[in-house]
Amino acid sequence: MNNFQGKIYTEYNVLYKNGFENKAIEDNGFLFSSVTCINKITGMIFNFTLEKGMLSISLSTDEILNDKKIKKYDKYIDLFYLVKLLNPSINFRKINFSIYPSFINDNFNKLLLLFDKKNINETIKEINQISKNYNKIRWKNN
């Protein structure tokens, strides 16, 4: 197990305890590394990417990836926006990779529900609205 993979396993152990397995692993150190965890029963996907030392986590499902009706840029949802969706009062500036392990652990079942077949279209709609709001704030402050 490489360092990045070990860190993911340790910090996001809730995934492995709930049937997730590593499907794809790429380790190039801090320049670029990734671990893709998949639950074969639910089809849920957690994609962890470390690029230039910054961690990014995106979620999807096999069903979303294969659904032609879902737009290309809606196929993976960044955890950043999911934090805001489940915690609307949190300031965007307080959302960073240091809160992700506890967020996933505390909200694991809620995340599964958001990506359930009957909820995914509404989840994507809400995430797109959050993204638009964030972009307004981000570009206003720069």
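Above this text sits the structure in question.
What you see is a predicted model; the values in this text were computed from it and never measured.

1. Description of the overall build of the protein chain
Logical step 1: The secondary structure content of the protein chain amounts to six helices and five strands.
Logical step 2: For the protein chain, the sequential pattern of α-helices and β-strands runs α-α-β-β-β-β-α-β-α-α-α.
Logical step 3: Compactness check: the protein chain gives a C-alpha radius of gyration of 15 Å against a globular reference of 14 Å for 142 residues, within 12% of the reference.
Logical step 4: In terms of principal-axis extent, the alpha carbons of the protein chain reach across some 40 × 35 × 30 Å.
Logical step 5: Put simply, the protein chain has 142 residues, and 44% of those count as buried.
Logical step 6: Within the protein chain, contacts between residues separated by at least 24 positions form 38% of all contacts whose residues are at least 6 apart in sequence.
Logical step 7: As presented, the protein chain carries roughly 8900 Å² of accessible surface, and 51% of it is formed by carbon and sulfur atoms.
Logical step 8: Side chains of the protein chain give 21 positive and 14 negative charges; the mean places of these two sets differ by 7 Å.

2. A look at the pairing of strand β3 (residues 44-51)
Logical step 1: Of all eight residues in β3, seven are buried; the element is thus mostly enclosed.
Logical step 2: As paired elements, strand β2 (residues 32-39) and β3 share seven bridges and run antiparallel to each other. The residue bridging Cys37 from the neighbouring strand is Phe46, located in β3.
Logical step 3: Bridge analysis of β3 against strand β4 (residues 54-61) gives eight bridges, and the strand direction is antiparallel.

3. Points about the packing of aromatic side chains
Logical step 1: Enumeration according to the criterion identifies ten aromatic pairs in this entry.
Logical step 2: Judged by centre distance (6.4 Å) and plane angle (20°), the ring pair of Phe46 and Phe48 falls under stacked. Considered together, Phe46 and Phe48 belong to a single accessibility category, that of buried residues.
Logical step 3: Three or more aromatic residues joined by ring pairs form one cluster here, namely Tyr12, Phe20, Phe46, Phe48 and Phe108.
Logical step 4: Positioned over the ring face of Phe92 is Lys84, at 4.7 Å from the centre of the ring.

Conventions adopted
Residues numbered from 1 in each chain as written. Predicted model: local features only at pLDDT ≥ 70, side-chain atom pairs only at ≥ 80, totals over all residues. Heavy atoms only, no water. Helix = DSSP H or I, 4+ residues; strand = E, 2+ residues; numbered from the N terminus. Rg over C-alpha atoms; globule rule 2.2 N^0.38 Å. Buried < 20%, exposed > 50% of the residue type's maximum accessible area, 1.4 Å probe, protein only. Contact = heavy atoms within 4.5 Å. Areas by Shrake-Rupley, 256 points an atom, 1.4 Å probe, with all protein chains shown as cover. Lys, Arg positive; Asp, Glu negative; His and termini not counted. Charge placed at Lys NZ, Arg CZ, Asp CG, Glu CD. Pairing = 2+ DSSP bridges. Phe/Tyr/Trp six-rings, centres within 6.5 Å; stacked < 30°, edge-to-face > 60°. Lys NZ or Arg CZ within 6 Å of the ring centre and 35° of its normal.

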